[in-house]
Amino acid sequence: MSRTGDEHGALMDLGHDTPQVPARARNLSPIVPRGSIAGRALVAVVAIMTFLASITTGAVLLISASASEWQSEVASEITIQVRPVPGRDLERDTLAVAETVRAQPGIVEVRPYTKAESAALLEPWLGSGLSLDDLPVPRVIVAHVVPGTTLDIAKLRGQVTQAVPAATVDDHRAWIERMRSMTSATVLAGIGILALVIVATIISVSFATRGAMAANRPIVEVLHFVGAGDRYIANRFFRHFLRLGLQGGVIGGGAAMLGFGFSESVASRFSGTPVGDQFAALLGTFSLRPSGYLALAVQAVLIAAITAWASRRTLFSTLNDIE
């Protein structure tokens, strides 16, 4: 048999689910054009969705890490205020409270603020240059606790009050609970945004898949006619959309990673300035940990997998309609 006859015989083999098409013909004539306008648009959509999802995830990770640092720092400190009372020596009361707190197990450092330092704490609210001699400005004492140590706050309050009745102890529990609530709300908001991004991606992929199937409907019908099964046709579209999803995921995730890296370099450049200090107070060092970048990479691959999964589900339902 001639070579031409062999090739025609392979093309007309209807006994297999997968048509025996020469490899060169498959490469030159794919079912779904790789450079179609719809394909490029889908890559752009997936890239934008991945970028938004990565920015959201990175922001949530930054805020969560900063909140954990805040909670750790606040939980390791106890603040005692000694209010001035007529007939009592404020300096003596301050020293008495400092000695009482210093005697507690688990306390590593006790720092009584001077009169000037205590007054300086009010400058952000009252301004500078004011005479506070006539105001009953309390004296502040800050005690640092050994990390992991649980103090008996009720016992400490009792001993401090017994030494100086005008002294109050604050372990910042209310502030810690507020930070935990804020962190939980931020995480929930981030999860909600990610869910919306994933839903939007699935809808976009479904429309793109139906559009590709409609544009290639004659080819699909011919493939059915020569004996190609739904799985063979679906695999070709599945690979096509998986490739598009990976391209969009790499572009969007890579852009987000570069953005976080650039922000980190800008934040380090402005470190020590008022603007830099404000950002550091809100978002810490504004830098993702290596695990954060790994999470962004995994998320980009996950969005590509969701793109392929959505296209596969849409493919089979569309193929059933064509049949």
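These numbers were taken from a predicted model, which means no experiment stands behind them. All residue numbers refer to position in the chain's written sequence, counted from 1. In view of the model being predicted, local features appear only for residues whose pLDDT reaches at least 70, and side-chain atom pairs are presented and counted only at 80 or more, with totals across whole chains, interfaces and linings using the full set of residues. As a rule here, side-chain values come from all non-hydrogen atoms in the structure, and water together with hydrogens is ignored.

All right, on to the overall build of the protein then. Across its full length, the protein holds twelve helices and four strands. Looking at the protein as a whole, 34% of its 323 residues are labelled buried. Only heavy atoms enter the contact rule, under which two residues are in contact if any of them lie within 4.5 Å. Partitioning the intrachain contacts of the protein with sequence separation of at least 6 by distance along the chain shows that 83% fall at a separation of at least 24. Total accessible area on the protein is roughly 19000 Å²; 63% of this is exposed by carbon and sulfur atoms. Helix and strand definitions here come from DSSP, where helices need a minimum of 4 consecutive H or I residues and strands a minimum of 2 consecutive E residues; each element is numbered from the N-terminal end. Only protein chains enter the calculation, and the probe is 1.4 Å; a residue is then buried if its accessible area is under 20% of its type maximum, exposed if over 50%, and partly exposed in between. Here the open area of atoms and residues is found with the Shrake-Rupley method and a 1.4 Å probe, where only the protein chains shown may cover a residue.

Here we take up the pattern of salt bridges. Counted as salt bridges are all cases of a side-chain nitrogen of Lys or Arg within 4 Å of a carboxyl oxygen of Asp or Glu. Using the criterion set out here, one finds five salt bridges in the structure. In this structure, the salt-bridge partner of R139 is E91, at a minimum N-O distance of 2.8 Å. With a gap of 48 residues between them, R139 in strand β3 (residues 139-145) and E91 in helix α4 (residues 90-102) connect regions that are remote in the sequence. Assessed through its relative accessible area of 41%, E91 is described here as partly exposed.

Before going further, it helps to examine the packing of aromatic side chains. Two measures describe an aromatic ring pair: the distance that separates the ring centres and the angle between the ring planes. When two rings of Phe, Tyr or Trp (its six-membered ring) have centres within 6.5 Å they constitute a pair, described as stacked for plane angles under 30 degrees, edge-to-face for angles over 60, and tilted for the intermediate range. This model, assessed by the stated rule, comprises zero aromatic pairs. The ring centre of Y113 lies 4.3 Å from the NZ or CZ of R111, which sits over that ring. A ring is scored as having a charge over it whenever the NZ atom of a lysine or the CZ atom of an arginine sits within 6 Å of its centre and within 35 degrees of its normal.

The next point concerns the sheet that holds strand β1 (residues 77-82). The criterion for strand pairing is that DSSP finds at least two bridges linking the strands in question. The strand order across the open sheet built from four strands is β2-β3-β1-β4, with neighbouring strands paired in antiparallel fashion. The open sheet has two free edges, formed respectively by β2 (107-112) and β4 (167-170), since each of these has just one partner strand. The sheet shows a mean angle of 20° between the axes of neighbouring strands, taken without regard to direction. Here four bridges tie β1 to β4, and the two strands are oriented antiparallel to one another. When the sheet's bridge partners are listed, V82 is paired in β4 with A167. Axis geometry follows a simple rule: fit a line to the C-alpha atoms, using only the stretch in contact for helices, then measure angles between N-to-C directions, giving values from 0 to 180 degrees. Contacts from α4 reach β1, β2, β3 and β4, with the element oriented near 10° to β3. Contacts from helix α7 (residues 153-163) reach β1 and β4 within the one sheet, and its direction differs from that of β4 by about 165°.

On the secondary structure map, P147 appears in the loop between β3 and α7. Remark: the alpha-carbon pair of P147 and G106, spanning 41 residues in sequence, is separated by 8.7 Å.

This paragraph deals with α7. Considered for burial, the residues of α7 that qualify are I153, L156 and V160. The buried residues of α7 occupy one face: seen down the axis, they fall within an arc of 60°. Opposite the buried face of α7, at more than 90 degrees from it, the exposed residues are A154 and Q162. Against β1, α4, β4 and α8 (173-215) lie the buried residues of α7. Relevant arc is that of directions from the helix axis to the C-beta atoms, nothing else.

Everything listed here is a matter of coordinates, which is why it stays silent on function.
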